[in-house]
Amino acid sequence: MVGGGQLARMTHEAGIPLGLRFKLLSDTPQDSAAQVVSEVVVGDYRDLDTLRDFARGCDVITFDHEHVPIEHLRALEADGIPVRPGPDALVHAQDKGVMRARLTELGAPCPRHRIVTGPADAAAFAAEVGGFPVILKTVRGGYDGKGVWFVRSAEEAGQPFLAGVPVLAEEKVDFVRELAANIVRSPHGQAVAYPVVESRQVDGVCDTVIAPAPGLPDELAGEAQLLALRIAAELGVVGHLAVELFETRDGRILVNELAMRPHNSGHWTQDGAITSQFANHVRAVLDLPLGDPRPRAPWTVMCNVLGGDYPDMYAAYLHCMARDPQLKIHMYGKDVKPGRKVGHVNTYGDDLDDVLERARHAAGYLRGTITE
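Please read these numbers as outputs of a predicted model, since none were measured by experiment.

Trainee: Help me understand the pattern of salt bridges, please; the structure alone is not making it clear to me.
Mentor: Opposite charge on two side chains permits pairing when their charged atoms draw close. Per the counting criterion, the structure on display carries 24 salt bridges. The salt bridge involving Arg 21 is made with Glu 39; its shortest N-O contact spans 3.7 Å. Highlighted residues: Arg 21 in the loop between helix H1 (6-15) and strand S1 (23-26) and Glu 39 in strand S2 (residues 39-42), separated in sequence by 18 residues. For Arg 21, a relative accessible area of 76% gives the class exposed. Take Glu 39: its relative accessible area is 32%, and that puts it in the partly exposed class. Counted as one network, the salt bridges with shared partners bring together Arg 100, Lys 137, Glu 170 and Glu 257.

Trainee: I'm lost on empty space enclosed by the protein in this one. Help?
Mentor: Empty space among the atoms can be located by rolling a probe the size of a water molecule over them. On inspection of all chains with the given rule, the structure shows one cavity of 30 Å³ or more. A volume near 50 Å³ is recorded for the largest cavity. Considering the residues around the largest cavity, the lining is formed by His 319, Cys 320, Arg 323, Asp 324, Leu 327, Arg 358, His 361 and Ala 362. Only helix H10 (313-323) and helix H11 (352-367) provide two or more residues apiece to the lining of the largest cavity. When grouped by side-chain class, the residues that make up the lining of the largest cavity number three nonpolar, two polar and three charged.

Conventions used here
- Residues numbered from 1 in each chain as written.
- Predicted model: local features only at pLDDT ≥ 70, side-chain atom pairs only at ≥ 80, totals over all residues.
- Heavy atoms only, no water.
- Salt bridge = Lys/Arg side-chain N within 4 Å of Asp/Glu carboxyl O.
- Helix = DSSP H or I, 4+ residues; strand = E, 2+ residues; numbered from the N terminus.
- Buried < 20%, exposed > 50% of the residue type's maximum accessible area, 1.4 Å probe, protein only.
- 1 Å grid on protein atoms, 1.4 Å probe; cavity = no way out; pocket = protein on both sides within 12 Å on 5 of 7 lines; lining within 4 Å.
- Points joined across faces, edges and corners; volume = space filled by probe spheres on them.
- Nonpolar A, V, L, I, M, F, W, Y, C, P; charged D, E, K, R; others polar.

By themselves, these observations are geometric and do not establish any function.
What follows is the structure in structure tokens.
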């Protein structure tokens, strides 16, 4: 697996029951997954020679991020190394301009958009979609709100162009909430779909995920799952695909982003689904039959634990575990820094309000924003 973050850490955990030998290409020995994987290569994934050396002896390569240069992945394929997802699919998660063009070609519902060349062009796009505000995004490299600007005027539109990469302009969507449709697809075309979830953001970062999305009409949920399955098939995705969606006020869904790896909106599946996103990603990458994605309980809630001023996790564990014996805590082995994702908690049960309160209390206590 290329990338040593928490997604690699949790994917490795899912592979342990299968007896897999897991090899990791990590930026540093301190990365989340590097702390727990026995075979770690420290190196730069952007260097082709490093990638080739790492890939020797591997049966298959997969990723915990989408940033490996596409030309490098093509070189690995030419060397006979299976890459899953492959470069022809992964480019749609790397480049928002390529993604939007391809989804439009497929007839997938998307916000109105186009590539813009400067502030004046952004203002012209705004006029086309009814005026400011609009959303500007660098086509590559953005995540967790980075590389995304909410622009209210032409005067505010300059900063996105300073990075020297193409900029995608999108209309501001009048949405009621954000959803995510998570699916997993294998090389031979088997695919499974998890329940559509509601994803709640705070300052551009995922804070809470509720599975399934409360009050989502069955017809719209089915539409979202079928859309995600169709996108995966058309793009040739192998492994986990998260399709982030807007639910609009007039009852439609629009595609916001794609992620071709295990995803924050699927962390609830570790404890709330019969087969987790990580276990199914491993199965798909190895072309094994996929597991059952159905939920174990009527409701599961995931809350991210962000770093605060409370580094003493052991004392926090005492409180959280005693208060809620059913609570599931997943920490990533990261140094606690304000605002940094250092873990998540999962709760589940029959009553949504109770499940939501338990998750929020635990995440808040682990962060230090709740002290009793």
